[in-house]
Amino acid sequence: MKGHTMKKIFRSPIAITAAILIIVIGVFVAVKVTGTKQNKDVVLVTHDSFVMSKSLIQEFDKTTGYNLRLLTSEDAGAMTNRLILTKADPIADAVFGIDNTLAGEAQANNLIAGPLVPTDFGDVCFNYDKYWFAAHKIAVPASINDLIKPQYKALTVVENPATSSTGLSFLATTVDKFGTPGWQKYWSALKANQVKVDDGWEAAYYTDFSGSSGKGPYPIVLSYGTSPADEVRSNGQSQTASILDGCFKQTEYVGVLKGARNPAGAEAVVRFLQSPDFQATFPGTMYMYPKLASAPIPADWLKYTQLPAKTYGDNLDFNKDRASWLHAWEAIFG
Amino acid sequence: MQPWKLLALAIIATLFYQPIIRLIALGLNHQIISNLWNTKTLGITWFTLWQAAFSTLIALLLATPSAYALYRIRFPGSHLIAAAIATPFILPTIVVAIALQAYWHNSSAFAVIVANVFMNYGFATRIIGSAWQGIDNSIEEAAQLDGASEVKKFFAITRFELKGAYLSAGFLTFLYCAANFGLMLVIGGGKLASLETSIYLSVSEILNLPRAAALVLVQCAITLLALFFIYRTRMAYPFFTGSNRVLPAKRRDIPAICVSLVIALSLIAAPLCALIMKSLHATTGFGLHNYGNLLTRGARATLSISLGQAGLNSLRNAAISALIAMVTGLFVASNERSRILIALYRLPVGISSVALGLGYLVTFNAGIFPLRNSWLITPIAQSLLLIPLVIQVVLPAQAALNEDFAQLARTDGLHNLEYWWYIQRPLLKGPIMVALGYVVIVSIGEFGAANFLTYGDQATLPTVLYQLISRPGALNYGMAMAASSLLIVLVFAITSLIDYITREQELV
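The structure displayed is predicted, hence computed values, not measured ones.

Peer 1: Can you tell me about the state of the cysteines, naming the residues and giving the values?
Peer 2: Inspection of the entire model under this criterion finds 1 disulfide over all chains. What pairs with Cys125 of chain A in a disulfide is Cys247 of chain A, and their sulfur atoms sit 2.1 Å apart. In this structure the cystine formed by Cys125 of chain A and Cys247 of chain A twists about its S-S bond by roughly 120°; its chirality is therefore right-handed. Of the two residues, Cys125 of chain A sits in strand E4 (residues 112–129) while Cys247 of chain A sits in strand E8 (residues 240–257), which places them 122 residues apart along the sequence. Side by side, Cys125 of chain A and Cys247 of chain A carry an identical accessibility label, which is buried. Just so you know, Cys273 of chain B is unpaired, no disulfide at all, and the nearest cysteine sulfur is the one on Cys258 of chain B, 19 Å from it.

Here it is as structure tokens:
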């Protein structure tokens, strides 16, 4: 009997058509249902260094009535590229972490609705290991001009400007400071002086740099102006200091994504990241200075770090020139 | 049955050929020549080819004594060793990369070749060994009586009989080594670039889609060429597997056994055991601390979700992609006479998962089928890469079934599907279980497509592992090693099971 009914089902054109229709409609419905978010949800996409505490997320949810979901992406550059690829149907409502090296690209691709609002800033500077230079009785470097001198041969590690925003910031610094073709000459001299190029900041700082936890072989690293505050040893002194001549001022932004499903919620996120409560967390969690002048700065920072008197590269057009800089850079290092 | 076939055609057209053609179309602009013909692309292509070719040669060389020792003859424990050396082939590539890096941190081309051999040696051994089992040994015995040594016998006789198996294993190994995305990305560490990693980096770093599409074109050309040679080889030198001419080990086999034991221990077991040992050494001391951390999100909350949650995502994706791949794959395989349908479904094996993921990303963005927004996008993309595997396992077993059954069934008026359901399905239980096992393992380890298609709370185990090892730090690294160790044990258990099922089948 069972076989007979099965036979019927296998053969009836109506049953077959119905089954196919059910499968097709089922797939569409499944895609639709799993792809739709709750009305109260607001999604903030961020680069992978973003930190927001549970209590701040709860505070946001409570004060705004929305339900904040964080979407951690790759580093800022890869995140921006992903957003451009998916802009027809954005993966989030708001974005944090596009910085001044990427803002032009984001604007040119019509990624953002309304303005990009600055939230925080920091300086990309070289750090050096004070202990290493004291032990080897070599004068500490004072400017990026020193890095091509023979006494600093094979002591420096930088990040690849094609893969790291930190690296790109330094490339821009040299373009601004030395002009064209001065910057290419500078990089050729750096290469001849055996500079090491890493793919990302974490590898350069935590693995190759001698002054941090990795205790690597390189006593000079491209990092941030605030990094020395994290290398304070038991004697109350920082093991590292910044080279203040040749820093780049990096500014990070938050903005509403064009085509956001929940633009009002995204606006609320943009406002929240500017609020005193959130601004106060920038130094502690993301090692950046809050944009809000009244937000507190950690005492350690005031004690162990200095702001450079002059920064380079802020005035450059990254969107227009990045490709040609990288091309020229790869011709030197490729 | 026409409507079902039409549906199958519509599925493969929409979900595979559409995204691939759209992606390649992005590269077909006035810059295609300059994108293809420049020193960088040529250098990347050349490196992809030679590292694959070199790895293949070494893998075949090492596989020869092992194929003899582990398949042609039998000694206590040979089954277990055969299962152990087959494990790396189906380990997630990202896990292989983590294991080898824990053992030997190096990002040279040589390290990549070692990794390729590590993955494919057991696989090559299996293909050659299965063919070796099928050889009639009377000629060899005659040579034996004439006093020929093992090595002489091999070069004079056996190597001709195994030509088909060697060519098959060689081209397949070459194919896998030319598409070793996860290995190249992690071990190459940005210093070495193959076609696949360049496709990925062209998108994530410089967002140059035409360049990525041009590289996809080159990659497709290489894999399709390799597939063509595999097909030709199968036609020209058919070899039989499954027949069981296993000989008891003799005294003169001791050198072959020793050589394979040394390779198995030094190449396969040592890195895997080293990884498991290292995973037990957390910064806080010996113990299971790294395993306890698997439920956290890593140092400074690197991850959006914990590894445990990522594991659940992977299991969920595996369940869905296995369902789609098994149903579709078995249906397509049951239509043995629709050669075009089968060919259309088998072709995806020649497309890199990176290319398919990118194709999905640029195709299913918006419009009537907004798949990109749904987490279903990852299992659906993965299932298309798995269907060829199902067909590959089931089709030969199906062909081996007695043709008389089919004749009889048709004269009795049974339809294709009915014949499949009542006659073939019960007889093919073994191969179907084997296919299911492989499909689940491959889906859990799939990295190339998932890397493009998952993010945030949808991340899968391999993508989360990649995030962890890209952000150095003892805690993250410890977690990555612990999760990798668990996966290795799991995969070894499943391969042993598959091995057991296969052997049971052969005895029937």
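Peer 1: Report on the packing of helix H8 (residues 182–192) of chain A against helix H14 (residues 318–333) of chain A, specifying residues and quantitative values.
Peer 2: All names here are of chain A. Between H8 and H14, the least distance of the axes is 10 Å, while the angle of their chain directions is 30°. Between H8 and H14 lies a crossing whose hand is right-handed. In this structure, H8 uses Trp183, Gln184, Trp187, Ser188 and Lys191 to contact H14, whose residues at the interface are Trp325, Ala328, Trp329, Ile332 and Phe333. Grouping the amino acids of the contact of H8 with H14 by side-chain chemistry returns 7 nonpolar, 2 polar and 1 charged.

Peer 1: Tell me what's going on with unusual backbone geometry, and back it up with residues and numbers.
Peer 2: All names here are of chain A. Following Thr180, the chain continues to Pro181 via a peptide bond in cis, the omega torsion being 5°. Position of Pro181 relative to the elements: it lies in the loop between helix H7 (165–178) and H8. The phi dihedral of Tyr287 falls on the positive side, at around 55°, and the residue is not glycine.

Peer 1: Tell me about the packing of aromatic side chains, and name the residues and values.
Peer 2: Counted under the stated rule, the structure contains 39 aromatic pairs over all chains. Aromatic side chains Phe96 of chain A and Phe282 of chain A sit 6.0 Å apart centroid to centroid with 35° between the ring planes, which places their arrangement in the tilted category. Residue Phe96 of chain A is found in strand E3 (residues 94–99), and its partner Phe282 of chain A is found in helix H12 (residues 282–286); the two are separated by 186 residues along the sequence. Take Phe96 of chain A: its relative accessible area is 0%, and that puts it in the buried class. For the ring pair Phe89 of chain B and Phe123 of chain B, a centre distance of 4.1 Å and an interplane angle of 10° mean the geometry is stacked. One end of the pair, Phe89 of chain B, is in helix H4 (residues 78–90); the other, Phe123 of chain B, is in helix H6 (residues 109–133), with 34 residues separating them in the sequence. The class for Phe89 of chain B is partly exposed, based on a relative accessible area of 22%. For Phe123 of chain B, a relative accessible area of 13% translates into the label buried. Counting every residue linked through ring pairs, the aromatic cluster contains Phe126, Phe170, Phe178, Tyr186, Trp187, Trp329 and Phe333 of chain A. The ring of Trp375 of chain B has Arg316 of chain B sitting right over it, with the charged end atom 3.7 Å from the ring centre.

Conventions we followed
Residues numbered from 1 in each chain as written. Chains lettered and ligands numbered in written order. Predicted model: local features only at pLDDT ≥ 70, side-chain atom pairs only at ≥ 80, totals over all residues. Heavy atoms only, no water. Disulfide = S-S within 2.5 Å. Helix = DSSP H or I, 4+ residues; strand = E, 2+ residues; numbered from the N terminus. Buried < 20%, exposed > 50% of the residue type's maximum accessible area, 1.4 Å probe, protein only. Axes fitted to C-alpha atoms, helices over the stretch in contact; angles between N-to-C directions. Left-handed = near helix turned anticlockwise from the far one by under 90°. Contact = heavy atoms within 4.5 Å. Nonpolar A, V, L, I, M, F, W, Y, C, P; charged D, E, K, R; others polar. Phe/Tyr/Trp six-rings, centres within 6.5 Å; stacked < 30°, edge-to-face > 60°. Lys NZ or Arg CZ within 6 Å of the ring centre and 35° of its normal.

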